[in-house]
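Below, each chain spelled out in residue letters.
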Amino acid sequence: MRPPILGGFGETRRRCAPEHFQGLGSAARTQPSQGMERGAGMIPARYAHIVFGLFLSGMMSFIVSGISTFLAVGLIPGFFATWMGGWWPSWAVAFPVVLFVAPLARRMVAALTIKE
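Residues numbered from 1 in each chain as written. Predicted model: local features only at pLDDT ≥ 70, side-chain atom pairs only at ≥ 80, totals over all residues. Heavy atoms only, no water.

**Observations concerning the packing of helix 2 (residues 48-73) against helix 3 (residues 79-112)**
At step 1: Axis separation between helix 2 and helix 3 bottoms out at 7 Å; the angle between their running directions is 140 degrees. With respect to helix 3, the axis of helix 2 lies oblique. As for the relative orientation of helix 2 and helix 3, their crossing is right-handed in sense.
At step 2: Of the residues contributing to the contact of helix 2 with helix 3, the split by class is 15 nonpolar, 11 polar and no charged. (Axes fitted to C-alpha atoms, helices over the stretch in contact; angles between N-to-C directions. Helix = DSSP H or I, 4+ residues; strand = E, 2+ residues; numbered from the N terminus. Parallel < 35°, antiparallel > 145°, perpendicular 65-115°, else oblique. Left-handed = near helix turned anticlockwise from the far one by under 90°. Nonpolar A, V, L, I, M, F, W, Y, C, P; charged D, E, K, R; others polar.)

Next comes the structure, spelled out in C-alpha cells:
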C-alpha cells in the first residue's frame, strides 16, 4: 500500500487504489504515461489548499460574473469582453477570500455534522 499523501488544510488522504475505479468507464482506468506515476504533479502537496483555492475561486467567479454580466447587460455585442473585464477583478478578490474563509467554513461544517 502506498503511503498517505497530504491533502488540503492538513488532511491526510490515501491515494486511490485501482479497486476504486471498478465499474467506471475506460477513461478512469487508463494507465498514466510512461515515466509518470498516477497523481504525479508539478506542485508539492503542501500547497494543495492554495491550488484548490485558486481553482475554486477562478471557476466560481467565472460563472457568477458571467451570470451577473448577462443579467445586467444581456447578450450584447462585446459580451465576452465585458464579462472578462468583470471576471478578472472578481477573481482577484475571490482568491484571497477563499483562502481566509475556507478554514472558518470547515469549522462551521464540523460543528454541524457528526461522525458516522
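Read on for the rest.
**Some remarks on the confidence of the model for the protein chain**
In low-pLDDT regions, the fine details of the predicted coordinates are not to be read closely.
At step 1: The share of residues in the protein chain with pLDDT of 70 or more is 66%, and the mean pLDDT across the chain is 78.
At step 2: Per-residue pLDDT stays below 50 along residues 1-21; that stretch engages in 34 contacts with residues further than four places along the chain or on separate chains.
At step 3: Low pLDDT, under 50, characterises residues 26-30; the stretch is placed with four contacts to residues that sit more than four places away or in other chains. (pLDDT = per-residue confidence, 0-100. Contact = heavy atoms within 4.5 Å.)

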